[in-house]
Every structure is written in structure tokens, then in C-alpha cells.
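So the chains spell out like this:
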Amino acid sequence: KQSKGNYDAFTPFIGCMRDVFVDWQLVIPEQWLSDSAVNVSPGCSYRDRCLDVPCQNKGECVNMWQSYECRCARPYEGHDCEEEHVTARFGNEDAYSFAAFTVTDDLVDNFSISFFLRTRRSGGLLLVLANSSNAYLHVWLEGGEVSVQLDKYESLKSADAIDDGEAHFVSVEVAADGLIVLYVGAQEQGRVEVRPVGVQAGDTVYVGGMLEAKETAAFGGYFKGCVQDLRISDRRLQFFGLDTTVRSYPLEIMENVTVGCSGDNICSRNPCLNGGVCYSKWDDFTCTCPPNTSGRRCEEVKWCELSPCPTDVLCPRLLGYSNATFLNDSTVLSYRGNGRISRNLTSLSLNLRTRRRKAAILHAEEGSAFITVSIQDGFLFVEHQSTYEEEGVSTVSLSTRSSVSDGEWHSVRFLMAAPWEQTSRWTLVLDEDVEEASTSTSRGGNLDFLREGVDIFLGGLAPDNGWSLAGCLGTVELGGIALSYFGSSGVNLPRMQEEQFVQTSPQAPLVGCGGASVCYPNPCLNGGECQDLFNAYNCSCPEGWARRHCDFFLDTCASNPCVHGNCSVAGWSYECTCELGYTGANCEEEADMCKNHLCAHGGTCLHGPDRYACLCAENYTGPLCKRPKLPVSVCGDDTRNYTCFNGGNCTERELSCDCPPGFIGHR
């Protein structure tokens, strides 16, 4: 029994009852329903509310008899899981963006950091926990993989990259004893033991980057992508639409973070070349290429299949866009941007073939800013100077580790390590050998000063300025835009791209790669065969002839160098075939056949013309005196006698031998 005043302490029963007895008397429902029943009806009406599938977005329905409850999967909430947590977009149109929250309570026991992530950028800082003295916990992307590190302890890294443009759930579990476990989705990626971690009230949570760009750059730069439903344990870190009904940490600062998860309109920069049509994907693009073109940006063209050349003019089959030959100052080309280039120019690429050990390949300048690609002592050098109000003048100077003046084709790429930043280190890669790449210690800006109104010289510093290139160049690209060897009026293409570098030099380039005619007429004499090595040649001389043009007869046997043997010419040298008993390079030494002989047990070595023999001591025998000489027995008289060797016993009566084990034969 319960007093009336305490009824509110109980949750009313919901359900059905039957066969109710009070004081051993069956209670008839009709008798008490009409008297004191409230919200009670006869019968047992029951229906599973979850049969209507009311929970959206994969929420789990729990039947509550007269109602239901939805247990929502992240990032959804609401009565029917119909509401989605607001997504925060970082780095929209390559803007630097970040946010900072303040921790308001101590997290001394186990805690977790979890969020949804979507990106196509392989690197970037995701989250930092920092106190007043240092940043102690970092979560970042490196090579598309999630990495976690506490202070200078060993870092954790996910097994697979997640920079595929899809949403991924990332969770970091931190135990009070210092165990950190990383999850992507439901899969554990690894664990590491560190010192105990305690988050204190007043600590700061940075998301997407930090206040200082230099500190952010050490972990891949500012994050570009989307973050949703970010939580530290049960506390939500809300970027927008702050809900006071949930436990959250206060937002202190937010820069360039936008609502939603819309991608950049990359097609506005027209990245598709050669008339390709661009279609946007989230933070990416795809090109629909015209016939006879291919590649991600339609950069690979089968030019001759497009019939670009005038009538009765032969179209050579060229590699890629094309190659051009540069001979001297008169073949230097010049280009200018067409005024429609809007993309950031953060890279330079080219293919090169030359034997010139000192030459200028590309040069452009505007005020104190310039870019020069040259060959010095056979090595390729790149010098780039840029100017910015914040950092003043910055200079980057790099060179290859190996020579490029060998007459072979070499590929060169010069690119910003962090192209989304205003200044960055630069990297120089030769022949796609990333391990041997050179990276600058100083930071430099991009090449945007080349977009309009600046002369870009190819094949030399400038016309009639000397130091010109003698060799071949493949198509040169600045920021992915080609410095084409074909003008728009000279080719027949479906549509020219909007962003272009237009050729301004009066002379047409020498399309194709050709060296000097070094083998015609043949410079090799006396039947020598000429090999064309691109602006160089080599003579393969017949036997007996030598030097560069096979003009020197090399009779190496003329001095009769073989003292006791026959001489034969062997290229630039000779060989001696020695007579028996002689050795040495010139057969000048008498052969010591007994040197290193193998006569055993004191045997004496006897010299022969081409071999030796062994004279054995009394008790040994065999070619090398290795067998002991066994006793000999003799029987008979002065008229008849018989000798048995090797320990055989001689019988007087029959004059025969009784052989020991291991020997046979009459004697």
C-alpha cells in the first residue's frame, strides 16, 4: 500500500492484465471499469508501432506499446532521425579556414574524439588539442591517411587513404592510462601506448588549422573538406545553429568556415584542354574529351588524326602535344597569357633533350619577380623570385643531382609543395625520380605574375641575347596550361581552351625533334660505322683501327712482344700464345711445372715440358706417392723363383701367391 501523496513516484503501468484476483476473488472487468477506471478499456488492444518503419536514415526503432522510440545513427537526430547535424565546410575555393573551441571541464578519465570527414585533399590538419604552453595532441591527414600523435611519441596511421571524396567516420579513443586507439569506420587501425593524457578546462580545440600558418604547415597545411557531428566524448562542438539543449563547448573563433558541404566549382577555371568539356564533381572535375584526345584533362592529343596541317603538308607523328627543335638565338620563342587565365600557376613541367652544357631554357620577369630555367655545367637549374607584402622578396634556387646534357630525353617538374598556400617550399623532380628530388629550404610564391602582360621566352633568355638552347623541348606547361607550338589559326581543332599562353614571336617553331646531320657524310674512315647520338656521333672501328675517326692503324704486334710465343692483335692490345714450357703475359717466363706440386710423403718432383712426375720414396708408390708400398715375398731357388707383391704370401710348392684382402691377380 502507498499513500496518495507518493503516487507520483511511480511510472504508470502500460499493458494488459487478465485473471486479476483480489482477496482470492476474481475481479470482473465490467464491475470496476465503470466505477474507478481511468484510461482503462476492456480487451487487449496492442500493435507494434515499429511496423510502420517510422525511423529514418537507418535509425533503430524500439516499440513502446502505445508509441515508439528511434535510436538514431550519427550524424542524425530528432524524433524520427529526420534531422541531420549541420556540416561545416573548410577551405572553400582554397580559402584558409579554421575554428577554435574552449574546453570547459576536465577530462581526466577516458575520452574520445569523433567526427565525420569528407575530403579529396591528401594532406591537412584536422584537429589539435592545445593548452597555454603547447599543442599536445594532433590529428591530421598525410598521404590521404589519418595520423594521430601525442607530443613526440610514436604516431598512429590508418591503413588506407580516405581522400576519395566520400564520408568517413573517424574516432580516436584515449584511455586514462595513456592508450590511444584509432578507428576508421568500425575498423581498428592501430593502437599505441603513451603517457597518461588529461584534458584540462581552459584547453583549446582547433579544427581545420591553427592561428599560425607556420604551425599548420608542419601538419600538411589547412584542411580542405567537410567536418560533421564533431564530438569530444558526449560534448558536441557546434559550428552553426547552436543548440542550447545539448552539452557543447563554446565556439571562440571561426574563420572562413561555411555551412553545408558544397564543392569548389573547378570547372570555372576550365581545366580541360583541347576543347574538352568540363563536368563538376564534388571538389573535383571530369573532362569529356573530343575525338582523338585523351587523358584526365584531354592533354594527350593524336594530332595527325585531327588533320591539323594545311593541304599537301605532311603531318609528322609526334609524341604528346609536339616537340620543337631549337638551334640558336633565331629560334627563341616568346609567349604571353591571353588575359583569361584565372587559375593559380603553381607548377612548371617540360621534356628536354640536349648536349649543350650551358644554355637558357625558359625565362620571364616582371619587376623583381622572375623565373629562369637553365643548364649550367650540364646540370639543370631553376631560379624563382617572388614578392609579397607580408614576406617581402623570397628566392628559391634548385638544381638536379645528375646531368641532363647527355643527348637523352629528360622530364622536369618544378612544383609547389603546398600549392594552396600563398608561399611554400618548391620541389624539383627529374625523370619522375621522387627519391632524388630536390626541395628548397626557403619558401617562394606562385607564378601568377605570368598570367598576363609578361613575356615568356622559350629556348633562351631573349632573342639575340645569347646563351640559347641547342636541342629539343617537348611541350612546356605552366600551371597545366601548354605553351603550344601550334597557333590557333594553324590548326584545325574543335574548340580552343579559354585559358591560353599565346605565341607572340614572329617566327614559327621548328616542329619535331631533329639533331644535326652528323653521320652524312660519314666521318668514320677505313670502314668504320657511324652511330648518330643526337648532335654527337661515335665511330665503331674495324679490328686494327682506332681513334675517333678510325684513322690510326693499331698493329700492336709490330714490336714482337711475345718472347717465346705467337702474337695476335686484340683490339687496342695483343695476346700471346706461349710455347710449351713458357708462361707470362709476353711468354717471357720459363714455366715452373713443379710450383705447387702435389707429390706426397717426400716424393721428388721431376720437371717435364708441360707437366711433372713424382719420384716416390722407398715405402710409397702411385702417381702422387700417396699409396704405401706393401712388403714383397720371394720363394723358389736359383733356377726357379716367384715374387708376390703388396703383402702376398708365396708358396714354395706351387710357386703361387696368396693375396691379402683388397688385391687380386697372379702376383
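- The protein carries the name Crumbs cell polarity complex component 1 in an unreviewed UniProt entry, which gives Maylandia zebra as its organism.

### A look at the domain arrangement of the protein
- Under the domain assignment used here, the protein contains domain 1 (13–84), domain 2 (86–259), domain 3 (266–305), domain 4 (324–490 + 499–511) and domain 5 (630–666).
- Taken over C-alpha atoms, the centre of domain 1 sits 61 Å from the centre of domain 3.

### Quick word on the sheet that holds strand S27 (residues 333–337)
- Across the sheet, seven strands lie side by side as S32-S31-S30-S29-S38-S27-S42; this open sheet has antiparallel pairing. Looking at which strands have only one partner, the edges of the open sheet turn out to be strand S32 (392–399) and strand S42 (501–503). The mean inter-strand angle of the sheet, taken between neighbouring strand axes irrespective of direction, is 15°.
- Note that strand S31 (residues 379–388) and S32 share eight bridges and pair antiparallel. Within S32, the residue paired with Gln385 across the bridge is Thr395.

### A look at the environment of Arg247
- With respect to the helices, strands and loops of the structure, Arg247 is situated in the loop between strand S19 (235–236) and strand S20 (251–255).
- For Arg247, a relative accessible area of 45% translates into the label partly exposed.
- Between the C-alpha atom of Arg247 and that of Leu237, which follows or precedes it by ten residues, the distance is 8.9 Å.
- Beyond its immediate stretch of four places on either side in the chain, Arg247 contacts Asp105, Asp234, Arg235 and Arg236.

### Side note on the state of the cysteines
- Scanning the entire structure with this criterion turns up 20 disulfides.
- Note on cysteine connectivity: Cys541 is disulfide-linked to Cys550, with sulfurs 2.0 Å apart. Handedness here is read from the sign of the S-S torsion; for Cys541 and Cys550, about -90°, the answer is left-handed.
- In this structure Cys550 comes out as buried when scored by relative accessible area, which is 0%.
- Across the disulfide from Cys635 sits Cys650; the S-S distance is 1.5 Å. With Cys635 in strand S56 (residues 633–636) and Cys650 in strand S58 (residues 649–651), the pair connects residues that are 15 residues apart, well separated along the chain.
- Looking at Cys635, the relative accessible area reads 3%, which means it is buried.
- In this structure Cys650 comes out as buried when scored by relative accessible area, which is 17%.

Conventions used here
Residues numbered from 1 in each chain as written. Predicted model: local features only at pLDDT ≥ 70, side-chain atom pairs only at ≥ 80, totals over all residues. Heavy atoms only, no water. Domains from an automatic or database assignment. Pairing = 2+ DSSP bridges. Helix = DSSP H or I, 4+ residues; strand = E, 2+ residues; numbered from the N terminus. Axes fitted to C-alpha atoms, helices over the stretch in contact; angles between N-to-C directions. Buried < 20%, exposed > 50% of the residue type's maximum accessible area, 1.4 Å probe, protein only. Contact = heavy atoms within 4.5 Å. Disulfide = S-S within 2.5 Å.

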